[in-house]
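Fold and contact review
So you can see what is in the structure, the chains are spelled out below.
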Amino acid sequence: MTRRGFLGFTAAAAFVGMSGCAAGGSGSTAGPPKPGGRLRAVFPGGGADEVLDPHATNLYAEVARAKALFDKLADYGSDMSPQPRLAERWESSPDLRTWRVPLREATFHDGRPVRAADVLASYARILRPDSTRRAKASLSVIDLQGSRAIDDRTVEFRLKRPYAEFPNALATLGAYIVPEGAENFERPVGSGPFRFTSFEPGRSFLVARNPNYWEGAPLLDELEILVSNDEAARVNALLGDQADYAHDLTATTARSHEAAGQINIHRLPLSNFHSLAMKVDRPPFDRLEVRQAFFHLVDREELVRSVLQGSGEVANDLFGKNYQYYDAELPQRRQDLAKAKELLRRADAENLRVELLTSEASPGLREAALAFADQAKLAGVTIDVTLGNKDTYWSDIGEQGSIVSYRSGAMPIESHLSQRLLSSSTTNNTKWQRPEFDALYQQAQSTSDENARAGLYREMQRTLFEEGGFLWWGVSDWIVASANRVGGIDDGAPANTLDWARFDKVWLG
Amino acid sequence: MSIPGYIARRVLLGFVQVFLVMVVVFFLTEALPGDAAVTIAGDDPDPAVIALLREQLGLNAPVWERLGGWMLAASQGDFGRSLVGPRSVLDIIGSSVGPTLLLAALTLALIVPVSLGLGVLAANREGRLTDRLITSTTLGLYSVPEFAMGILLVTVFAVQLGWLPPTAVGGGGLLSRPAVLVLPVLVLLLRPICSLSRLVRAGMIDALRSGYVRQARRAGLAPLRVQFAHALPNAVVPAMQQLARTTDWLIGGVIVVEAIFVVPGLGTTLIDAVSARDLPVVQGLSLVLAVVTVLVNLVADIVARILAPAAEDDR
């Protein structure tokens with residue numbers, strides 16, 4: 001009952017794109033956009049310990065709240081490309097180490113303008129030595145001493161190394177802009193589409209329309225974010241007219257309510273990637289042939305059907321299907337037992353027996369492990385599935401296990417590479433450590449030409465496709481539901497992107 | 001033994017019980033895999049961040065040092081601060097104790113008259129249709145666990161019929177929207193009413209057959225007076241002690257009911273604190289629950305002894 005919905009892994013999070021708001025989902029009766037009303041959205045939350053410090057966001061509910069009150073310089077579009085928000089645009093020096101970012105004309109809720117000094121102070125707060133903020137890793141590329149405010153509305157960032165994808169850091173999870181000197185967030189002041197009204201931790205968060213929002217005032221008069229960690233209770237609240245929007249539902253629930261037409265089900269695509277992570281530094285996966293055999297063992301269609309209950313699609317052993325820079329030209333891999341057996345024979349690993357570590361830290365992890373164990377039997381591989389502790393799983397798999405269940409929320413492909421696949425990555429769960437791969441990544445970050453950079457990303461993805469330790473077998477939808485009278489929910493935005501949980505574009509019919 | 005002596009002995013025992021609970025809870029939470037640093041880091045477990053968190057949270061100190069420090073502070077009324085958020089444990093308990101107390105108080109206030117009434121009624125109609133109806137219904141309802149009962153009631157009365165709100169989701173006090181309390185209190189009531197009314201019925205039947213009731217009747221006392229002044233006090237002794245057990249159970253039942261109906265009380269807070277490995281909050285809550293349990297049982301035993309001193313001396 002207390003499944004905390006973590007945002008994807010690290011940096012990732014939200015973004016824009018695809019604006020135009022595909023009005024509502026299926027049978028929405030919301031009608032054309034119209035102003036007024038209070039929308040009540042119910043999310044899983046963090047209980048009595050919840051705070052409104054936007055730099056401390058970890059859970060979906062926290063991001064939804066922060067997003068209502070604050071802005072970032074950039075946010076992720078539906079293809080995970082960074083979209084300017086408070087930043088009007090960005091331009092870099094030829095060496096990609098100095099970035100000039102002009103700011104939009106925007107004001108905080110108390111009337112003060114958003115200035116370059118506020119941006120630098122916000123980042124300095126995240127980067128403090130004693131800070132354990134999630135955005136710290138992504139922003140630490142900034143050389144704060146060398147960065148400066150050119151004038152009130154222009155920031156110049158100096159970076160510690162060339163970083164072509166610097167706008168990803170501006171869009172990173174939790175990199176919100178707060179007024180300079182803000183430390184107390186009991187009555188938060190931001191520049192976002194809604195103004196703070198009241199907050200009861202673990203219960204209710206109420207905000208009101210900000211008529212002066214730089215992107216235009218929201219349609220809703222008020223937004224209330226409610227908390228319930230029990231999925232059945234979230235659906236019941238929606239059915240019982242205690243809420244208008246329910247976040248994070250299972251495919252089973254979605255199916256049973258979809259046909260009834262009482263509520264609208266929204267399946268946000270490309271939201272959650274599912275994988276098996278093989279550690280390439282230990283037996284049996286230190287043998288390339290064994291990894292490749294496993295790539296050919298998996299029946300991805302069946303896993304999508306059974307584990308994701310059809311609410312998603314197959315992936316091709318690579319992270320970031322259909323995101324910016326994704327290599328879509330590689331042929332889709334399918335189950336090929338003959339090839340798998342042949343590879344195992346070559347590795348002298350017939351009748352292989354492996355322990356697969358999984359847990360219930362996130363829905364589907366355990367089910368996928370069990371289904372895969374069944375599939376592997378067909379090639380004579382015995383998989384012993386062991387269940388780890390769900391509250392500490394993500395930390396345990398850092399060192400434990402030779403193959404483990406894995407999943408990831410949406411993030412740019414660049415973030416996925418830098419956070420998980422470089423020798424210096426802090427959460428490198430496949431132990432993929434190759435100097436030549438690191439060099440390719442650094443080369444990409446020093447390349448200002450976007451096409452050339454795309455080519456380097458393609459090269460890295462091809463290496464991972466052939467030799468890597470991640471077996472990304474599917475990508476699932478993120479399921480939310482709304483009352484029929486709610487309009488303006490973007491059905492194309494993956495969870496954690498700009499247009500996800502974007503209540504300033506939503507209306508009540 | 002004199003009653004004051006008995007009370008003194010029981011109070012002392014209560015202190016020992018609370019002390020033991022504190023130690024056991026501390027080591028149980030200690031034995032859980034992972035700590036607050038790991039759960040705060042969540043799905044982004046950068047080892048450097050976890051190490052920094054451990055240092056900031058004081059999790060690196062030896063077990064004995066932390067246990068001793070906590071017990072010393074707790075005995076002075078300082079429960080420490082949450083590891084996960086910036087609030088103090090007392091503040092967190094204070095803000096979530098209201099809904100739990102409200103649920104428990106409402107339930108207790110209704111349990112006593114309803115189960116006494118049902119029990120006395122059934123005893124007076126022993127063997128007749130009313131008795132059989134009450135007996136079979138209470139037996140049937142008693143066998144349904146709270147969570148199943150809760151889901152059933154929500155499905156029928158909230159989602160399908162739409163008569164009552166399905167959850168207590170939302171801001172503001174529960175008292176400002178009393179409709180949300182109906183189903184949770186009903187779920188909490190059903191089982192204890194069943195067990196208590198059956199105990200009252202059994203005690204009442206015994207009492208009505210006893211010599212002193214026959215004597216009172218022969219003396220020509222009014223039937224109601226015989227029932228309520230002579231039979232009932234002896235009949236309720238076992239029910240009284242059961243009521244104390246029920247109060248312990250209520251605390252547990254409230255946790256389940258709070259989860260089903262999204263009531264932000266002690267139960268919800270405890271579940272959240274355990275899954276976040278928020279040790280000070282888990283310990284503080286356990287201490288409060290232990291003290292409540294010990295106190296309730298103390299009062300029940302003392303009342304039982306005053307009502308029927310002989311029963312206690314027989315032990």
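Predicted model only: the values in this text are computed from it and were never measured.

1. Side note on the overall build of chain B
Of regular secondary structure, chain B possesses 13 helices and zero strands. Along chain B, from the amino end to the carboxyl end, the secondary structure elements read α-α-α-α-α-α-α-α-α-α-α-α-α. Projected onto the principal axes, the alpha-carbon positions of chain B cover approximately 85 × 55 × 30 Å. Going through the 315 residues of chain B one by one, you find that 46% of them count as buried. Taking all contacts inside chain B whose residues are at least 6 apart in sequence as the whole, residues at least 24 apart take part in 73%. Total accessible area computed for chain B in this model is approximately 14,600 Å², and 70% of it derives from carbon and sulfur atoms. One way to put it: in chain B the 22 positive side-chain charges average out to a point 19 Å from where the 21 negative ones average out.

2. A few points about the environment of Phe503 of chain A
Residue and element names in this part refer to chain A. Structurally, Phe503 is set in the loop between strand 20 (486-487) and strand 21 (507-508). In the structure, Phe503 is positioned 464 residues away from Leu39 in sequence and 8.4 Å away in space, judged by C-alpha atoms. In this view, Phe503 contacts Leu39, Ala41, Phe43, Phe194, Leu220, Leu223 and Tyr245; residues no more than four positions away in its chain are not counted.

3. Quick word on a nonpolar patch on the surface
Residues and elements named next belong to chain B. A surface patch of nonpolar side chains, about 420 Å² in accessible area, is lined by Leu152, Val156, Leu161 and Trp163. Along the polypeptide, Trp163 turns up in the loop between helix 7 (146-160) and helix 8 (179-209). For Trp163, a relative accessible area of 62% corresponds to the exposed category.

4. Regarding the sheet that holds strand 6 (residues 98-102) of chain A
All names here are of chain A. Pairing within the open sheet is antiparallel, and its four strands lie in the order 5-6-8-7. Strands at the two margins of the open sheet, each flanked by one partner only, are strand 5 (91-92) and strand 7 (148-151). Here strand 5 runs beside strand 6; their pairing, made up of two bridges, is antiparallel. By the bridge assignment for strand 6, Glu91 is matched with Arg100. Strands in contact with helix 2 (residues 116-127) are strand 7 and strand 8 (154-158); relative to strand 8, the strand with the most contacts, it is inclined by about 35°.

5. Quick notes on the confidence of the model for chain A
Scored by pLDDT, chain A has a mean of 92; 94% of the residues are at 70 or more. Low pLDDT, under 50, characterises residues 9-26 of chain A; the predicted model gives this stretch 81 contacts beyond four residues in sequence or across chains.

6. Here we look at the packing of helix 11 (residues 266-275) of chain B against helix 12 (residues 279-307) of chain B
Residues and elements named next belong to chain B. Between helix 11 and helix 12, the shortest axis-to-axis distance is 9 Å and the interhelical angle comes to 145°. At the point where helix 11 passes helix 12, the crossing takes the left-handed sense. Across from Leu266, Thr269, Leu270, Ala273 and Val274 in helix 11, the residues of helix 12 making contact are Val281, Val282, Leu285 and Leu289. The class makeup of the residues in the contact of helix 11 with helix 12 is eight nonpolar, one polar and no charged.

7. Topic: the interface of chain A and chain B
Across the boundary between the two partners, chain A contributes 44 residues, which contact 47 residues of chain B. Counting the surface lost from both chain A and chain B, the interface buries some 3,400 Å², and carbon and sulfur atoms represent 58% of this. Taken together, chain A and chain B are joined by three salt bridges. For Arg407 of chain A, the salt bridge goes to Asp43 of chain B, with nearest N and O atoms at 3.2 Å.

8. Details of helix 7 of chain B
Residues and elements named next belong to chain B. With 15 residues, helix 7 should reach 21 Å at 1.5 Å per residue; the first-to-last C-alpha distance of 20 Å fits that figure. Taken together, the buried positions of helix 7 are occupied by Glu146, Met149, Gly150, Leu153, Val154 and Ala158. Within two residues after helix 7, Gly162 carries a phi angle of roughly 70°, on the positive side.

9. Looking at the environment of Thr463 of chain A
Residues and elements named next belong to chain A. As for its placement among the helices and strands, Thr463 is situated in helix 14 (residues 450-467). According to the relative accessible area criterion, Thr463 is partly exposed, its value standing at 23%. Sequence separation of Thr463 and Phe319 is 144 residues, and the distance between their C-alpha atoms is 13 Å. Apart from the residues within four sequence positions on either side, Thr463 is in contact with Trp432, Arg434 and Gly468.

Analysis parameters
- Residues numbered from 1 in each chain as written.
- Chains lettered and ligands numbered in written order.
- Predicted model: local features only at pLDDT ≥ 70, side-chain atom pairs only at ≥ 80, totals over all residues.
- Heavy atoms only, no water.
- Helix = DSSP H or I, 4+ residues; strand = E, 2+ residues; numbered from the N terminus.
- Buried < 20%, exposed > 50% of the residue type's maximum accessible area, 1.4 Å probe, protein only.
- Contact = heavy atoms within 4.5 Å.
- Areas by Shrake-Rupley, 256 points an atom, 1.4 Å probe, with all protein chains shown as cover.
- Lys, Arg positive; Asp, Glu negative; His and termini not counted.
- Charge placed at Lys NZ, Arg CZ, Asp CG, Glu CD.
- Patch = residues over 30% accessible without salt bridge, like charges linked within 9 Å, V, L, I, M, F, W, Y side chains within 5 Å.
- Salt bridge = Lys/Arg side-chain N within 4 Å of Asp/Glu carboxyl O.
- Pairing = 2+ DSSP bridges.
- Axes fitted to C-alpha atoms, helices over the stretch in contact; angles between N-to-C directions.
- pLDDT = per-residue confidence, 0-100.
- Left-handed = near helix turned anticlockwise from the far one by under 90°.
- Nonpolar A, V, L, I, M, F, W, Y, C, P; charged D, E, K, R; others polar.
- Buried area = accessible area lost by both parts, 1.4 Å probe.
- Expected span 1.5 Å × (residues − 1).

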